[in-house]
Amino acid sequence: MDVTDVLQAELSASNDRLLAGVAELSDTDVTGGSRLPGWSRGHVLTHLARNADSLVNLLTWARTGVKTPQYPDPGRRDLDIEAGAGRPAREQFADLEASTARFAEAAAALSGANWSAPVGTAPVLHPAWYVLARRAREVEMHHADLGTGYGPADWPEAFARRELHDAMLCWPRELSVVSEIVVEEVRDGENHHQVWRDLGTGPVLQGDVWSLLGWLTGRASGAGLKVMPEGTAGNLPAEARAAPAPPGWPARSAPTGLPSNPPEEYP
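Sequence order as written defines residue numbering, which begins from 1 separately in each chain. Owing to the predicted nature of the model, reporting of local features is limited to residues with pLDDT of at least 70; listing and counting of side-chain atom pairs is limited to 80 or more, with chain, interface and lining totals taken over all residues. The basis for every side-chain value is the complete set of heavy atoms in the structure, and neither hydrogens nor water enter the calculation.

Focus on the environment of histidine 143
Threshold: Secondary structure follows DSSP: runs of H or I at least 4 residues long count as helices, runs of E at least 2 residues long count as strands, and numbering of each begins at the N terminus. Contacts between residues were defined by any pair of non-hydrogen atoms, one from each residue, lying within 4.5 Å.
Mapped onto the secondary structure, histidine 143 falls in helix H6 (residues 130-145). The sequence separation of histidine 143 and leucine 19 amounts to 124 residues, and the corresponding C-alpha distance is 9.5 Å. Non-local contacts of histidine 143, meaning those with residues more than four positions away in its chain, are made with Arg17, Leu18, Glu138 and Tyr150.

Structure follows, in structure tokens:
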């Protein structure tokens, strides 16, 4: 078993949770606002469906060796989302279900060297196996964006750890929002910390992986994070401090330096 098996199993479970929730939405629910500014739930659902199809293009590229861009032109993504956002709940569900199945079928058709093929949008190419991680990111993040009761605290641990890891590798150091990120967890009754240093200048943020990832992606306020002066990781000062505004999700779709061959585990 390698990471492609693990990611496909993880993605299948994420899809099941998403589809079960979407199946319960009414037409009124779908036209209601999502947690993304300016987007209804219909926008989010249409984006999820079209994203699945766009990533099928990358999997097709990996399988056939014929360069197949994720989107045929830069404006197609937004046009497709606007065109489908106003559809009723039944059509939204059917579209999402069908596009999810198309992605799963395309992934199942890959094997061996296919997963090592470089795909993506130049200049950011990555091995095809990382398409699975990208799709899991879309499903989990946008499930939370629907505003139907599923949030950062519900993200699977493996997903949250991987996404925070990759965000740290892509951290925009030039924005100088924080100097360190400290992941805090309790194992066997003892506190353990993973520290990401040299991120820029500013305070140190410390908390669990869900709170940190939620803050970083703008899907949680950061209210539960410890905010400390630079260089004081692990020592919460007496005064209360508010978390700074996050720098925004990294623009890159994948970290650099990913292994070409699917590893046994990632990260």
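More follows now that the structure is in view.
Concerning the pairing of strand E4 (residues 190-196)
Formally: Strand pairing is defined by DSSP finding a minimum of two bridges between the two strands.
By the bridge criterion, seven bridges tie strand E3 (residues 180-187) to E4 in an arrangement that is antiparallel. Looking across to E4, one finds that valine 182 is bridged to valine 195.

What about the nonpolar core?
The following threshold applies: We define a nonpolar core as any set of buried Ala, Val, Leu, Ile, Met, Phe, Trp, Tyr and Cys residues linked to one another through side-chain atoms lying within 4.5 Å. Three labels apply to residues, based on accessible area from a 1.4 Å probe with only protein chains included: buried if under 20% of the type maximum, exposed if over 50%, partly exposed otherwise in between.
Counting residues in each nonpolar core, the largest one holds 41 residues, and the members touching the most others are Leu59, Phe103, Trp115 and Trp129. Mapped by element, the contributors of at least two residues to this core are helix H1 (3-22), helix H3 (41-64), helix H5 (89-108) and H6. A total of ten residues in this core trace back to one element, the largest contributor, which is H3.

Focus: the packing of H6 against helix H7 (residues 157-169)
Short version of the rule: Fitted lines through C-alpha atoms give the axes, limited to the stretch in contact for helices. The angle between two N-to-C directions lies from 0 to 180 degrees. With respect to orientation, any angle under 35 degrees is reported as roughly parallel, any angle over 145 as roughly antiparallel, any angle of 65 to 115 as roughly perpendicular, and every other angle as oblique.
The N-to-C vectors of H6 and H7 enclose an angle of 110°; their axes lie 11 Å apart at closest approach. As the angle between them shows, H6 and H7 are arranged roughly perpendicular. In contact with Tyr130, Ala133, Ala136, Arg137, Glu140 and Met141 of H6, H7 contributes Phe159, Arg162, Glu163 and Asp166.

With respect to the layout of surface pockets
Operational definition: Residues are called lining when one of their atoms sits within 4 Å of a cavity or pocket point, these points coming from a 1 Å grid over the protein atoms alone, where a cavity is a set in which a 1.4 Å probe fits but cannot get out and a pocket is an open set with protein on both sides within 12 Å along at least five of seven lines. Grid points are joined across faces, edges and corners, and a volume is the space filled by probe spheres set on the points. Asp, Glu, Lys and Arg are counted as charged, while Ala, Val, Leu, Ile, Met, Phe, Trp, Tyr, Cys and Pro are counted as nonpolar; the rest, among them Gly, fall into the polar class.
Within this model, the largest pocket holds a volume of roughly 850 Å³. Lining the largest pocket are 30 residues, with Gln70, Arg77, Arg134, Glu138 and Ser253 sitting closest to its centre. Mapped onto the lining of the largest pocket, the elements with two or more residues apiece are H3, strand E1 (118-121), strand E2 (124-127) and H6. Class assignment of the residues belonging to the lining of the largest pocket gives a composition of 14 nonpolar, eight polar and eight charged.

Focus on empty space enclosed by the protein
A probe matching the size of a water molecule, rolled over the atoms, marks out where space remains unfilled. All chains considered together, the criterion is met by one cavity of 30 Å³ or more. Of the volumes computed, that of the largest cavity is approximately 40 Å³. Every residue along the wall of the largest cavity is listed here: Tyr130, Arg137, Asp166, Ala167, Cys170, Trp249, Pro250, Arg252, Ser253, Ala254 and Pro255. Elements with a contribution of two residues or more to the lining of the largest cavity: H6 and H7. Of the residues contributing to the lining of the largest cavity, the split by class is seven nonpolar, one polar and three charged.

Digging into the packing of aromatic side chains
To be explicit about the condition: Each Phe, Tyr or Trp ring (for Trp, its six-membered ring) is paired with any other whose centre lies within 6.5 Å, and the angle between the two planes then decides the class: stacked below 30 degrees, edge-to-face above 60, tilted in between.
Scanning the entire structure with this criterion turns up four aromatic pairs. Both rings, one in tryptophan 129 and one in tyrosine 266, keep their centres 5.3 Å apart while their planes meet at 65°; by these two values the pair is edge-to-face. Of this pair, tryptophan 129 sits in the loop between E2 and H6 while tyrosine 266 sits in the segment after strand E6 (226-228), and the two are 137 residues apart along the sequence. Of the residues examined, tryptophan 129 reaches a relative accessible area of 0% and is grouped as buried. Accessibility expressed as a relative area gives 15% for tyrosine 266, which makes it buried. For the pair tryptophan 155 and phenylalanine 159, a centre-to-centre distance of 5.9 Å together with 70° between the ring planes defines the contact as edge-to-face. For the residue pair tryptophan 155 and phenylalanine 159, the accessibility class agrees, reading buried in each case. An aromatic cluster is present here, built from Trp129, Tyr130 and Tyr266 joined pairwise through their rings.

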